[in-house]
Amino acid sequence: MPHNILIIDNNSENRSYIKSLCLNETNEYEVIEDKNLDNLFQKQNISIIFFNTKSISKNIQNFILDIKNNPNTNLIPLIAYGKQISEREKFIIIELGAIDAFEMPINPTYFRA
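Criteria and thresholds
For every chain, the first residue of the written sequence is number 1, and numbering continues from 1 onward in sequence order. Since the coordinates come from a predicted model, pLDDT governs what is reported: local features require at least 70, and pairs of side-chain atoms require 80 or more to be given and counted, while whole-chain, interface and lining totals use all residues. Values reported for side chains reflect all heavy atoms of the structure, with hydrogen atoms and water molecules removed beforehand. Secondary structure elements are defined from DSSP: runs of H or I of at least 4 residues count as helices, runs of E of at least 2 residues count as strands, and each element is numbered from the N terminus. Only protein chains enter the accessibility calculation, which uses a 1.4 Å probe; a residue is then buried when its area is under 20% of its type maximum, exposed when over 50%, and partly exposed in between. What makes two residues a contact is simply this: any of their non-hydrogen atoms within 4.5 Å. Only the protein chains shown count as covering a residue, and every accessible area follows the Shrake-Rupley method with a 1.4 Å probe. To form a nonpolar core, buried Ala, Val, Leu, Ile, Met, Phe, Trp, Tyr and Cys residues must be joined to one another through side-chain atoms within 4.5 Å.

**What about the overall build of the chain?**
Helix and strand content of the chain: 3 helices and 5 strands. Listing every helix and strand of the chain by position from the N terminus yields β-α-β-β-α-β-α-β. Looking at the chain as a whole, 41% of its 113 residues are labelled buried. Expressed as a percentage of contacts within the chain between residues at least 6 apart in sequence, the contacts between residues at least 24 apart total 62%. Here the chain has roughly 6900 Å² of accessible surface; of this, 48% comes from carbon and sulfur atoms.

**Digging into the nonpolar core**
Within the largest apolar cluster, 18 residues are counted, with the highest numbers of intra-cluster contacts made by I8, I49, F51, F63, I64 and L78. Looking at this core, the elements that each hand over two or more residues are β1 (3–8), β3 (46–52), α2 (60–68), β4 (78–82) and α3 (87–96). Among all residues touching F51, those that are not within four sequence positions of it are I8, I56, I60, F63, I64, L78, I79, A80 and Y81. The next biggest cluster of nonpolar side chains, apart from the first, holds 13 residues, and it includes I5, I7, I79 and M104.

Here it is, written out as structure tokens:
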């Protein structure tokens, strides 16, 4: 069964770019694109969530806590990205439970590690 990667971003170019970085020759991953969080809890077998900090309709703290406090989603790794993320914002995002936060444009080597 392929791993499902959820990308939450209201910008289709960002979603496409991240999707292209996530895909590999072995097709181990199925990428699910969404403009917002509306369907997160209905999606099954999500292995990781990438989200644009500006695409979240609620504040980032509530978004992360909703995922981390839900027994169905609390183990899903979260990676935040955005056009500008201060060191303070990055610290808060990681402190709340995301595994990383970075600024766009994304260095493709990030996905090869």
